[in-house]
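Each chain is listed here by its residues.
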Amino acid sequence: MSGHAQGGDPHHEDFQLKDTNPLLGEQWPKGAGGPARPTGGAGGGLAGWLGVDKPSSTYDLVEQMFFLYVRVVKAKDLPPNPITGAAMDPYVEVRLGNYKGTTRHFDRRANPEWDQVFAFSKSRVQSNVLEVFLKDRDMLGRDDYVGKVVFDLAEVPTRVPPDSPLAPQWYRLEERRGGKVRGELMLAVWIGTQADEAFPEAWHSDAAVVRGEGIASVRSKAYVSPKLWYLRVNVIEAQDVQPMHGGGRAPEVLVKAQVGHQILKTTVVAAPTLNPRWNEDLVFVVAEPFEEQLVLSVEDRVGPGKDDLLGRVALPLGIFEKRLDHRPFVQSRWFDLERFGVVPAAVEGGETRRELRFASRVHVRACLEGAYHVMDESTMYISDTRPTARQLWKPPVGVLEIGILGATGLQPMKTRDGRGATDAYCVAKYGQKWVRTRTMIGTANPTWNEQYTWEVFDPCTVITIGVFDNCHLGTNGSNGGGNGAPPRDARIGKIRIRLSTLETDRVYTHAYPLIALQKSGVKKMGELRLAVRFTCLSLINMLHLYTQPLLPKMHYLHPFTVTQLDALRYQAMGIVAARLGRAEPPLRREVVEYMLDVESHMWSMRRSKANFFRAVSLFSGAAAAARWFGDVCRWRNVATTALVHVLLLILVWYPELILPTVFLYMFLIGLWNYRRRPRHPPHMDTKMSWAEAAHPDELDEEFDTFPTSGQQHVVYMRYDRLRSVAGRIQTVVGDMATQGERLQALLSWRDPRATCLFVLFCLLAAVVLYVTPFKVVALVAGLYVLRHPRFRSRMPAVPSNFFRRLPSRADSML
């Protein structure tokens with residue numbers, strides 16, 4: 001499916017999923033048989049490299065890409081500098097056509113070792129000759145030529161894993177005219193694919209413009225999220241708490257617990273006692289390796305917002321027990337506190353010196369909870385449900401494989417040399433494993449063709465894949481920082497795929513629209529081409545998972561409050577972003593926050609509308625069924641009404657057929673819908689998200705900072721609009737509550753006359769139903785409901801009139 005459908009909405013069609021037909025590894029001709037070997041002449045290595053003979057690949061969800069690899073290992077017996085007589089400062093320059101890469105240089109080294117790999121892409125080949133130069137760095141800027149090694153690409157061998165790596169060889173250096181000079185270079189030159197072990201760490205000709213520290217940021221990497229724990233601190237009591245200031249005042253004591261940037265406090269004990277008790281739980285998120293400490297401070301509330309420190313203790317997190325279930329009882333411990341108190345003897349020269357002295361002690365029960373899953377992402381898009389403790393993990397039920405093929409039509413994200421440019425890379429997150437592709441420099445149609453694999457422990461999870469613009473390359477151009485701020489990698493778009501919507505062992509090849517919501521409206525930023533395959537390892541275990549709770553049992557035996565979960569998730573996201581930002585190269589905070597939907601809890605008028613219409617659509621089927629039944633009762637279609645009468649008679653006469661008929665009907669509906677089942681994974685829907693019809697001011701409000709940075713009159717207008725919307729929601733919720741309270745009023749004697757009538761009706765109905773066969777009652781009721789319109793009144797029915805007259809608690813509302 002490509003292009004726009006005729007007669008449709010072209011704007012909407014632009015956001016649709018498209019089928020692609022990439023030439024994946026598993027679709028290559030079986031005759032490829034194995035790595036092609038050079039045969040010399042035109043049919044040798046270069047011909048195979050350019051596509052005449054395709055060697056097999058270990059990657060079967062990506063298109064094969066060919067590279068010329070050059071591994072520069074070391075040199076020996078290099079001649080001294082002819083001018084100074086000292087050892088030279090050697091480095092190697094690898095040149096293929098207009099592309100060249102250089103190794104680092106060594107100061108005064110006769111036998112240097114580099115062990116660096118260079119990769120030249122097939123699409124950028126400009127020459128049939130590869131030249132490797134050895135040069136001596138000159139501090140004045142004119143480097144001296146020492147010697148070179150020349151390779152004919154037609155003679156270069158081809159290697160595809162699982163072949164063993166090509167052994168490097170010593171090559172004598174040649175002068176410009178072809179004569180031999182002193183010194184040798186150890187090199188390995190071969191033609192390979194992206195499946196080669198050297199691929200991730202190689203210098204790529206595609207990124208030749210990158211300089212300095214930016215080189216590390218263009219390579220593909222895999223990251224692992226830190227192992228997160230919930231730290232539960234039960235503050236029981238304190239002993240011998242002395243106030244900082246005298247006067248006979250009993251201290252108003254609280255305990256402040258801090259782990260890193262997380263600060264929680266107990267309630268204030270205002271009773272006149274020196275041994276206050278709290279018995280309160282404080283929960284933190286911590287990560288292994290444990291670098292922070294738990295700092296407990298006992299403080300005296302001496303005024304609004306003012307607390308005096310009475311004592312404190314810093315505890316390393318490694319001393320606390322790791323609990324794997326709710327049953328083991330965690331032993332409590334007493335910890336001595338120390339404080340900085342005012343010592344009268346320490347007054348020297350009119351100045352009071354603060355000294356450290358013993359204060360009191362605090363009673364604490366603390367443990368690291370390993371039976372919870374520490375959520376660092378929204379439960380709607382959760383990608384992992386395993387508990388923290390590895391001992392509690394179940395075996396995997398499947399394998400997820402993603403081939404990130406490339407993207408097309410990416411929008412320019414910055415300016416370079418006066419023109420728009422995009423340096424795109426992909427990030428995929430599933431479970432604890434993050435992967436990042438290499439950065440493709442200066443192209444709107446990047447081709448990555450990188451394949452990644454994850455173990456799947458629960459199919460009802462979501463993988464998130466985002467595309468970003470790299471702004472840390474060290475090249476000339478706008479990096480988007482502005483005002484002296486550090487550059488930030490720009491968001492291009494992201495997609496989500498729920499694994500349970502995928503058929504097992506099927507390869508999905510689609511182009512997903514990358515949709516970005518901006519202040520100016522919804523915009524398509526390009527398309528991301530993927531190949532996705534979900535393989536089942538154990539069908540029985542997978543089906544068994546559908547009977548189990550989504551989260552570990554501790555979430556249900558000892559649940560957290562909604563407020564706690566939101567706060568803990570926010571802290572977990574901050575820890576994950578900080579730890580991944582310390583990797584080399586870093587996975588930057590703006591990337592992690594975008595992948596984890598850190599802003600999903602913020603208010604959005606657009607999102608509120610979308611959720612409202614989602615709720616409305618849930619009742620569309622029931623409303624359609626009610627309209628159909630209303631037409632039957634009004635005899636709009638005589639044939640349909642007659643069939644319903646026949647069905648009523650059958651079910652009344654044979655009531656044992658009611659449930660079998662219902663289940664058989666649902667079975668037939670399921671079979672009927674099978675041929676119309678979705679054939680592609682779900683993708684971002686701009687209409688359902690209410691993105692195409694959003695008002696510009698609503699989008700401006702959604703992108704506003706928190707707290708707001710809008711002008712006063714704009715804030716007033718938005719507040720009034722919010723009050724209007726909230727008023728309508730308030731009315732709907734109130735009406736729902738009213739109907740429920742009227743049901744309760746039937747037997748509550750809130751209206752004694754109404755309850756008396758209903759009780760008498762129940763007594764009469766019980767007698768009638770006891771003496772009358774059920775078939776007769778059901779038949780009479782069905783015929784009454786299906787009676788002809790000429791026997792109907794336009795006035796509301798008696799039961800409806802009675803129900804609407806029942807009282808509710810709305811009368812007690814102020």
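Cut-off values and rules
- Residues numbered from 1 in each chain as written.
- Predicted model: local features only at pLDDT ≥ 70, side-chain atom pairs only at ≥ 80, totals over all residues.
- Heavy atoms only, no water.
- UniProt positions renumbered as here; feature names shortened; annotations may be inferred.
- 1 Å grid on protein atoms, 1.4 Å probe; cavity = no way out; pocket = protein on both sides within 12 Å on 5 of 7 lines; lining within 4 Å.
- Points joined across faces, edges and corners; volume = space filled by probe spheres on them.
- Nonpolar A, V, L, I, M, F, W, Y, C, P; charged D, E, K, R; others polar.
- Helix = DSSP H or I, 4+ residues; strand = E, 2+ residues; numbered from the N terminus.
- Polar contact = N/O pair within 3.5 Å; in protein donor to acceptor, adjacent residues only side chain to side chain.
- Contact = heavy atoms within 4.5 Å.
- Pairing = 2+ DSSP bridges.
- Buried < 20%, exposed > 50% of the residue type's maximum accessible area, 1.4 Å probe, protein only.
- Patch = residues over 30% accessible without salt bridge, like charges linked within 9 Å, V, L, I, M, F, W, Y side chains within 5 Å.
- Areas by Shrake-Rupley, 256 points an atom, 1.4 Å probe, with all protein chains shown as cover.
- Salt bridge = Lys/Arg side-chain N within 4 Å of Asp/Glu carboxyl O.
- Axes fitted to C-alpha atoms, helices over the stretch in contact; angles between N-to-C directions.

In the annotation of an unreviewed UniProt entry, the protein is listed under the name C2 domain-containing protein and assigned to Urochloa decumbens. Per UniProt, the protein carries the Sequence similarities (unreviewed entry) text "Belongs to the MCTP family." Taken verbatim from the UniProt record of the protein, the Subcellular location (unreviewed entry) comment is "Membrane".

Asker: Got a minute to help me understand empty space enclosed by the protein in this structure?
Answerer: One way to see where empty space is left: roll a probe the size of a water molecule over the atoms. Scanning the entire structure with this criterion turns up four cavities of 30 Å³ or more. Each pocket or cavity is described by its volume, and for the largest cavity that value is around 190 Å³. In this structure, the largest cavity is lined by 18 residues; those nearest its centre are Pro-226, His-373, Val-374, Asp-384 and Gln-432. Taken together, the residues of the lining of the largest cavity sort by class into six nonpolar, six polar and six charged.

Asker: Before we go on, may I ask you to explain the side chain of Asn-234 in this structure?
Answerer: Within the fold, Asn-234 resides in strand 12 (residues 227-239). Engagement of the side chain of Asn-234 in a polar contact is seen with the backbone oxygen of Glu-280, the distance being 3.3 Å. Setting aside its immediate chain neighbours within four residues, Asn-234 contacts Asn-279, Glu-280, Asp-281, His-363, Val-364 and Arg-365.

Asker: Would you mind showing me how to read the sheet that holds strand 1 (residues 18-19) here?
Answerer: Strand pairs in the sheet, formed through backbone hydrogen bonds, run parallel or antiparallel to each other. The strand order 1-29-30-21-26 describes an open sheet built from five strands, whose pairing is antiparallel. Edge strands, defined here as strands with exactly one partner in the open sheet, are strand 1 and strand 26 (447-456). Bridge analysis of strand 21 (residues 398-408) against strand 26 gives eight bridges, and the strand direction is antiparallel. Its bridge partner being in strand 26, Gly-406 is matched across the sheet by Thr-447.

Asker: Help me out: how do you make sense of the pairing of strand 29 (residues 507-518) in this one?
Answerer: As a general feature of sheets, a regular strand has side chains that alternate between the two faces. When you tally the buried positions in strand 29, you get nine out of 12 residues, the bulk of the element. The pairing of strand 1 with strand 29 spans two bridges and is antiparallel. Bridging from a neighbouring strand, Lys-18 pairs with Ala-511 of strand 29. What sits between the antiparallel neighbours strand 29 and strand 30 (residues 521-536) is a turn of two residues.

Asker: What's the story with a nonpolar patch on the surface in this structure? I'm lost.
Answerer: The grouping of Ile-658, Leu-659, Val-662, Phe-663, Tyr-665, Met-666 and Ile-669 at the surface amounts to a nonpolar patch, some 700 Å² of accessible area in total. Tracing the backbone shows Met-666 in helix 10 (residues 658-674). Relative accessible area serves as the criterion here: at 46%, Met-666 is assigned to the partly exposed category.

Asker: I'm lost on the sheet that holds strand 11 (residues 221-224) in this one. Help?
Answerer: With respect to topology, five strands assemble into an open sheet ordered 11-25-24-27-28, the strand pairing being antiparallel. The outermost strands of the open sheet, each flanked by one partner alone, are strand 11 and strand 28 (490-498). Within the sheet, the average angular offset between the axes of one strand and its neighbour, ignoring direction, is 15°. Relative to strand 25 (residues 433-436), strand 11 is paired through four bridges, and the arrangement is antiparallel. Pairing of Val-224 across the sheet is with Lys-433, part of strand 25.

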